[in-house]
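Overview (structure and organization)
Each chain, letter by letter, is given below.
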Amino acid sequence: MLRFSSSVSRHVRKQHSLRLIHARSRNRCYPDEEDDVYKARRREVNRDDYFQLYKSKGQHILTNQRILDSIVRKSDIKPTDTVLEIGPGTGNLTLKLLEAANKIVAFEIDKRMVEALHKRVVERGVGDRLTVVCKDALKAEFPEFDLVVANIPYGISSPLVAKLVYGGRRFRSATLLLQKEFARRLLAKPGESEFNRLAVNVSLVADVEFVMDVSKREFVPCPKVDSSVVIIRPKAEVPDVNLEEWCAFTKACFGKKNKTLGATFKQKKKVVELLGFSKLTDSNVESENHIDSNCADDEEECSSACLEMGGASSFKEKLMGVLKSADFENKRPSKLSNDELLHLLARFNQAGIYFRDRSKSTSVVVESFD
């Protein structure tokens, strides 16, 4: 969660003028004191063009025109492009995009922002090239688009990135303004302390480029943390692997990324869960023969009583056999490359070990990678 200093928190609870948001502010954060201009802005709370910005919804408006121009320039937008924007707010970035692209499709869930955005584009005479969809971007189906350019709410970063790179819509690139910490995790490499499931899953299907950092002082209201701009470019060719199986596999491995794979796959819950998937896949046995997957999640090896149920003991031996034969038993997920993980998944699948219920397969993988 973002945390705000006391004076900024008081400011957020007040209403903010669209004039303030649209203009580039010389002093965006006042952590210790309020100057006369800031106090004057707070007194202007009863005018019709004021409304409250909610930090819980990630409503932090980027006001620096130089940075906005740089984001659009780095996005390499063509005059014929349709650009998808998530969370346009009051339209600072949207107006810049309309100068470069043919059409903008913007998803904005806040009706007040939609009204403010419509007002601005109509005043500029470009309303016919903007389509605003007042729906949740995570739940709605995206139309066809060429690229994404967006300052997205921090709270939806992981599921939105997952939806973009695994959602089935082909696009050229996604230029995203993200929380700096999240961007670092997205860019992390094997062996680095920040390497995680997010980086693993995204790097399988896309390349990520760091563009620039953006200070928290460039936003109204001012958040507690800095941001970064990255560009995600889908790969022309991706490994021949079932993406749902891959995501389920990395979730199993990276639950404790610094734990050895041998220790991870000896746990009661993991053995019983994977045995259940194996039975559903290979035998389609009746529900009374399924193993109860509500075992306690502890660090010890399965007890003999639990392992004797439904052949779990032999299944555990199969799991360990795969890890040992491929020399992965003492390796840690945080140190492994995608090629190594793909190899291990292939060995598991060849042995009849799967990481999801394949009877419930869908064509789209959308989930948080955290």
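Structural data are supplied above this passage.
Residues numbered from 1 in each chain as written. Predicted model: local features only at pLDDT ≥ 70, side-chain atom pairs only at ≥ 80, totals over all residues. Heavy atoms only, no water.

Thoughts on the environment of Lys163
Applicable threshold: By the criteria applied, helices consist of DSSP H or I runs no shorter than four residues and strands consist of E runs no shorter than two, each listed in order from the N terminus. In protein, a polar contact means a hydrogen-donor-capable atom and an acceptor-capable atom, both N or O and within 3.5 Å, with residues adjacent in sequence counting only if both atoms are side-chain atoms; elsewhere, any N or O pair within 3.5 Å suffices.
Assignment of secondary structure puts Lys163 in helix H7 (residues 157–166). With 24 residues separating them in the primary sequence, Lys163 and Lys139 have C-alpha atoms 9.7 Å apart. A distance of 3.5 Å separates the side chain of Lys163 from the backbone oxygen of Leu138, its partner in a polar contact.

Looking at the pattern of salt bridges
A side chain of one charge can pair with a side chain of the opposite charge if their charged atoms are brought near each other. As a reminder of what qualifies: The working definition used for a salt bridge is a side-chain nitrogen of Lys or Arg within 4 Å of a carboxyl oxygen of Asp or Glu. Any residue under 20% of the maximum accessible area for its type is buried, any over 50% is exposed, and the rest in between are partly exposed; the area is computed with a 1.4 Å probe on protein chains only.
Taken as a whole, this structure holds nine salt bridges when the rule is applied. Of the charged contacts in the structure, one is a salt bridge between Lys180 and Asp213, with a shortest N-O distance of 3.7 Å. Pair noted here: Lys180 is in helix H8 (residues 180–187) and Asp213 is in strand E9 (residues 206–214), with a separation of 33 residues, a long-range link. Residue class for Asp213 comes out partly exposed when judged on its relative accessible area of 37%. Salt-bridge contacts for Glu273 lead to Lys270; the nearest nitrogen and oxygen are separated by 3.3 Å. Of this pair, Glu273 and Lys270 both sit in helix H12 (residues 268–282), three residues apart, roughly one helical turn. Residue classification places Lys270 among the buried residues on the basis of a relative accessible area of 16%. Several salt bridges share partner residues, and in doing so they unite Lys180, Arg184 and Asp213 into one network.

Some points on the packing of helix H4 (residues 65–74) against helix H5 (residues 92–100)
Defined as follows: With axes taken as lines fitted to C-alpha atoms, and helix axes fitted only over the stretch in contact, angles between N-to-C directions fall between 0 and 180 degrees. In these notes the angle categories are as follows: under 35 degrees is roughly parallel, over 145 is roughly antiparallel, 65 to 115 is roughly perpendicular, and the rest is oblique. Crossing handedness follows the turn of the near helix against the far one: under a right angle anticlockwise gives a left-handed crossing, and clockwise gives a right-handed one. Any two residues whose heavy atoms approach within 4.5 Å at even a single point are treated as in contact. Residues are sorted three ways: Asp, Glu, Lys and Arg are charged, Ala, Val, Leu, Ile, Met, Phe, Trp, Tyr, Cys and Pro are nonpolar, and all the rest, Gly among them, are polar.
Interaxial distance between H4 and H5 falls to 10 Å at its minimum, and their mutual angle equals 45°. With respect to H5, the element H4 is oriented oblique. Read as a crossing pair, H4 and H5 show a hand that is right-handed. Residue-level inspection shows Gln65, Leu68, Asp69, Ile71 and Val72 of H4 in contact with H5, the latter providing Asn92, Leu93, Lys96, Leu97 and Ala100. Split by residue class, the contact of H4 with H5 holds six nonpolar, two polar and two charged.

Some details on the packing of helix H10 (residues 243–253) against helix H15 (residues 338–350)
At a minimum axis distance of 11 Å, the contact between H10 and H15 shows a crossing angle of 105°. By the angle between their directions, the pair H10 and H15 is classed as roughly perpendicular. On H15, the residues touching Glu245, Trp246 and Phe249 of H10 are Asn338, Leu341, Leu342, Leu344, Leu345, Phe348 and Asn349. Tallied by class, the residues present in the contact of H10 with H15 amount to seven nonpolar, two polar and one charged.

Points about the sheet that holds strand E11 (residues 227–234)
Here is the rule we go by: A strand pair is defined by DSSP finding two or more bridges across the two strands.
Pairing is mixed across the open sheet formed by seven strands, whose spatial order is E6-E5-E4-E7-E8-E11-E9. The two strands at the open ends of the sheet, each matched to only one other strand, are strand E6 (130–133) and E9. Going across the sheet, the axis of each strand differs from the next one's by a mean of 20°, ignoring polarity. Where strand E4 (residues 82–86) and strand E7 (residues 147–151) come together, two bridges link them in parallel fashion. Within the sheet, the bridge partner assigned to Leu84 lies in E7 and is Val148.

Describing the pairing of E4
Burial within E4 is extensive, with five of its five residues counted as buried. Alternating residues of E4 divide into Thr82, Leu84 and Ile86 and Val83 and Glu85, and every residue in both groups is buried. In this sheet, strand E5 (residues 103–107) lies alongside E4 in parallel orientation, the contact comprising five bridges. Directly across from Glu85, in E5, lies its bridge partner Ala106.

Some words on the packing of aromatic side chains
So the rule is basically this: Here a pair means two rings of Phe, Tyr or Trp (six-membered ring of Trp) with centres within 6.5 Å. Their orientation is stacked below 30 degrees between planes, edge-to-face above 60, and tilted elsewhere. Only Lys NZ and Arg CZ are tested; either one counts as a charge over a ring when it is within 6 Å of the ring centre and within 35 degrees of the ring normal.
Per the stated rule, a full pass over the model turns up 10 aromatic pairs. Judged by centre distance (5.2 Å) and plane angle (70°), the rings of Phe107 and Phe142 are edge-to-face. Of the two residues, Phe107 is situated in strand E5 and Phe142 in the loop between E6 and E7; the sequence distance between them amounts to 35 residues. A single burial state applies to Phe107 and to Phe142, both of which are buried. Between Phe249 and Phe348, the ring centres sit 6.3 Å apart and the planes meet at 65°, which makes this aromatic pair edge-to-face. Placement of the pair is Phe249 in helix H10 and Phe348 in helix H15, with a sequence separation of 99 residues. Each member of the aromatic cluster is reached from another via a ring pair, and the members are Trp246, Phe249, Phe265, Phe348 and Phe355. The ring of Tyr354 has Arg358 sitting right over it, with the charged end atom 3.9 Å from the ring centre.

By themselves, these observations are geometric and do not establish any function.
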